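A closer look at the structure
What follows is the residue order along each chain.
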Amino acid sequence: VAKGAGKGRWCRYQSELHTAIVERLELRAALTEAVEKLSFSVEYQPIVDMRTGVAVGFEALARWHHPARGPVPPEQFIGLAEETGLIEPIGDWVLRQAVGAAARWHADRGERGTPYVSINVSARQLRTPGFVATVRAALAAADVPPDRVMLEITESLLLRDEEPVWSELSELRAHGLRVAIDDFGTGFSSLSYLQQMPADVLKIDRSFTETVASSRRQRLLVEGIIRLAGTLGLDIIAEGVETEAVRTILLDMGCSSGQGYLFSRPLRDPDALRWLRGDPPPPGLPPKPRPPGD
Ligand code: C2E
Ligand code: MG
Ligand code: MG
Ligand code: MG
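Positions within a chain are numbered from 1, following the residues in the order the chain's sequence is written. All chains are assigned letters beginning with A, and all ligands numbers beginning with 1, in the order in which they are written. Owing to the predicted nature of the model, reporting of local features is limited to residues with pLDDT of at least 70; listing and counting of side-chain atom pairs is limited to 80 or more, with chain, interface and lining totals taken over all residues. Only hydrogens and water are removed before side-chain values are computed, so all heavy atoms of the structure are retained for them.

The protein is annotated in an unreviewed UniProt entry as Diguanylate cyclase (GGDEF)-like protein/PAS domain S-box-containing protein of Plantactinospora soyae.

As structure tokens, then:
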């Protein structure tokens, strides 16, 4: 009996494994096709000055439109794209879209000040020979000044292979772009690493942000991160600000930039531009907070 049950389990395991492999192969084939057809889009989430609700920048977030599955979130395809090398064409496309959007915002805003665009960059992209040149060419083609562009690199990536990527990042910074350490708090950077990292901004991961209103311990931790950033001369942005309580606590701690559903979900480009013009956000989204007494 035991043997039979074991065999049954083994077969089930085999068939589950088989299904997983087939699914993966299918997803991979679909992603390859999506790259050929450019079945992607980019959404832009406002990064706001939490004191006023005014957008200082927008983070570009990739979306994949699968013919059968509909929109596929980045968590489900960025990893696969990295493994297969498809991240290079995808990342390239996202870069050009995002820089193009920044150019349009610039044209629309003129002298009233333009928000920057913040672009997520993966390990593989950074290690592609010529990456720095590609970025610079994209900016030149769209006539976007480098200080209007920020690149986001996750903390875990920066830790994984410091040397080659660090020099690329330093080079980009020398050209005037800004570099943000993304998802900070999830990657266990040592203080000495942090001190040397070629970065301008530290983005506090949502897993920290969302708990500041519920736990004193967490509040102290986030306060520590904010103080550390200040000591190292890094600006700070809080991700995943969903409630008024969290916004208030962060402001009290001296963190004035943030992004999250409290302010806006990621927007399609026309809506991002509308946001900038001060029009009401699209229906179904929370209203843009106004400064007290406004
Ligand atoms: P991320 O860079 O940390 O981006 C923030 C994610 O949090 C986004 O998810 C955003 O939609 C979501 N978010 C923003 N505010 C809130 C909030 O208040 N509450 C909650 N629950 N979530 C919020 P998204 O768009 O699904 O992207 C997931 C991740 O995929 C990103 O995390 C980023 O690491 C990666 N990613 C997205 N686009 C690209 C890309 O073009 N290239 C690369 N390499 N990675 C990308
Ligand atoms: Mg990011
Ligand atoms: Mg992030
Ligand atoms: Mg994150």
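Moving on from the coordinates now.
Overview of the environment of Leu95
Relative to the helices and strands, Leu95 is located in helix α3 (residues 87-109). We call two residues in contact whenever any of their non-hydrogen atoms come within 4.5 Å of each other. With near-sequence residues (within four places) excluded, Leu95 lies in contact with Ile119, Thr134, Val135 and Ala138. For helices the rule is a DSSP run of H or I covering at least 4 residues; for strands it is a run of E covering at least 2, with both sets numbered from the N terminus onward.

Concerning the coordination of the magnesium ion (ligand 2)
Protein ligation of the magnesium ion (ligand 2) involves Glu59 (OE), Asn120 (OD1), Glu152 (OE) and Asp182 (OD), the donor distances falling in the range 2.0 to 2.2 Å. Coordinating donors are taken to be N, O and S atoms lying within 2.8 Å of the metal, or within 3.2 Å when the metal is Na, K or Ca; because water is excluded from the atom set, some sites may appear incomplete. Sequence positions of the residues that donate to the magnesium ion (ligand 2) give the spacing E-x60-N-x31-E-x29-D. Metal-to-metal, the separation of the magnesium ion (ligand 2) and the magnesium ion (ligand 3) is 3.4 Å; Asp182 coordinates the two. Separated by 93 residues along the polypeptide, Glu59 in strand β2 (residues 54-66) and Glu152 in strand β5 (residues 149-154) bring together distant segments of the chain. Think of it in three bands: with a 1.4 Å probe and only protein chains considered, a residue is buried below 20% of the maximum accessible area for its type, exposed above 50%, and partly exposed in between. The exposure class assigned to Glu59 is buried, which follows from its relative accessible area of 5%. Glu152 gets classed as buried once you look at its relative accessible area, which sits at 1%.

Observations regarding the environment of Leu17
Following the sequence through the fold, Leu17 ends up in helix α1 (residues 2-37). Distance from Leu17 to Ala137, taken between C-alpha atoms, is 44 Å for residues 120 residues apart in sequence.

Quick notes on the layout of surface pockets
Over the atoms, a rolling probe the size of a water molecule traces out where space has been left empty. The distinction between a cavity and a pocket rests on a 1 Å grid over the protein atoms alone: a 1.4 Å probe fits inside a cavity but cannot get out, while a pocket stays open yet meets protein on both sides within 12 Å along at least five of seven lines, and a residue with an atom within 4 Å of a point counts as lining. Grid points are joined across faces, edges and corners, and a volume is the space filled by probe spheres set on the points. Space inside the largest pocket adds up to approximately 1300 Å³. As for the largest pocket, its lining consists of 43 residues, of which Glu59, Leu61, Pro74, Glu75 and Asn120 are closest to the centre. The element best represented in the lining of the largest pocket is β2, accounting for five residues. Classifying every residue of the lining of the largest pocket gives 17 nonpolar, twelve polar and 14 charged. Note on residue classes: Ala, Val, Leu, Ile, Met, Phe, Trp, Tyr, Cys and Pro are nonpolar, Asp, Glu, Lys and Arg are charged, and everything else, Gly too, is polar.

Some words on the site of ligand 1
Near ligand 1 there are 23 residues, and of these Glu59, Arg63, Asp182, Glu242 and Tyr261 occur at the shortest range. Contacts described as polar in this section are N or O atom pairs within 3.5 Å, which, within protein, must combine one atom able to donate a hydrogen with one able to accept it, while residues neighboring in sequence count only if both atoms come from side chains. Contact between ligand 1 and Glu239: an oxygen atom at 3.0 Å from a side-chain N or O atom of the residue. One of the backbone N or O atoms of Tyr261 is found 2.8 Å from an oxygen atom in ligand 1. Using a 1.4 Å probe, the Shrake-Rupley method yields the accessible areas, and only the shown protein chains count as cover for residues. In isolation ligand 1 offers 790 Å² of accessible surface; the protein chains occlude 86% of this area. Pocket or cavity membership: a molecule qualifies when more than half of its atoms sit within 2 Å of the grid points of that site. More than half of the atoms of ligand 1 fall within 2 Å of the grid points belonging to the largest pocket. In these notes, residues near a molecule or strand are those with any non-hydrogen atom within 4 Å of it.

Topic: the packing of α3 against helix α12 (residues 269-276)
In the contact formed by α3 and α12, the axes pass within 11 Å of each other and the chain directions differ by 30°. It follows that α3 is roughly parallel to α12 by the angle criterion. As for how α3 packs across α12, the hand of that crossing is right-handed. Between α3 and α12, the residues in contact are Ala101, Arg104, Trp105, Asp108 and Arg109 and Asp269, Ala272, Leu273 and Leu276, respectively. When its residues are assigned to classes, the contact of α3 with α12 shows five nonpolar, no polar and four charged. Axis definition: a line fit to C-alpha positions, over the contact stretch in the case of helices; interaxial angles, taken between N-to-C directions, run 0 to 180 degrees. Roughly parallel refers to an angle under 35 degrees, roughly antiparallel to one over 145, roughly perpendicular to one between 65 and 115, and oblique to any angle outside these ranges. Crossing handedness follows the turn of the near helix against the far one: under a right angle anticlockwise gives a left-handed crossing, and clockwise gives a right-handed one.

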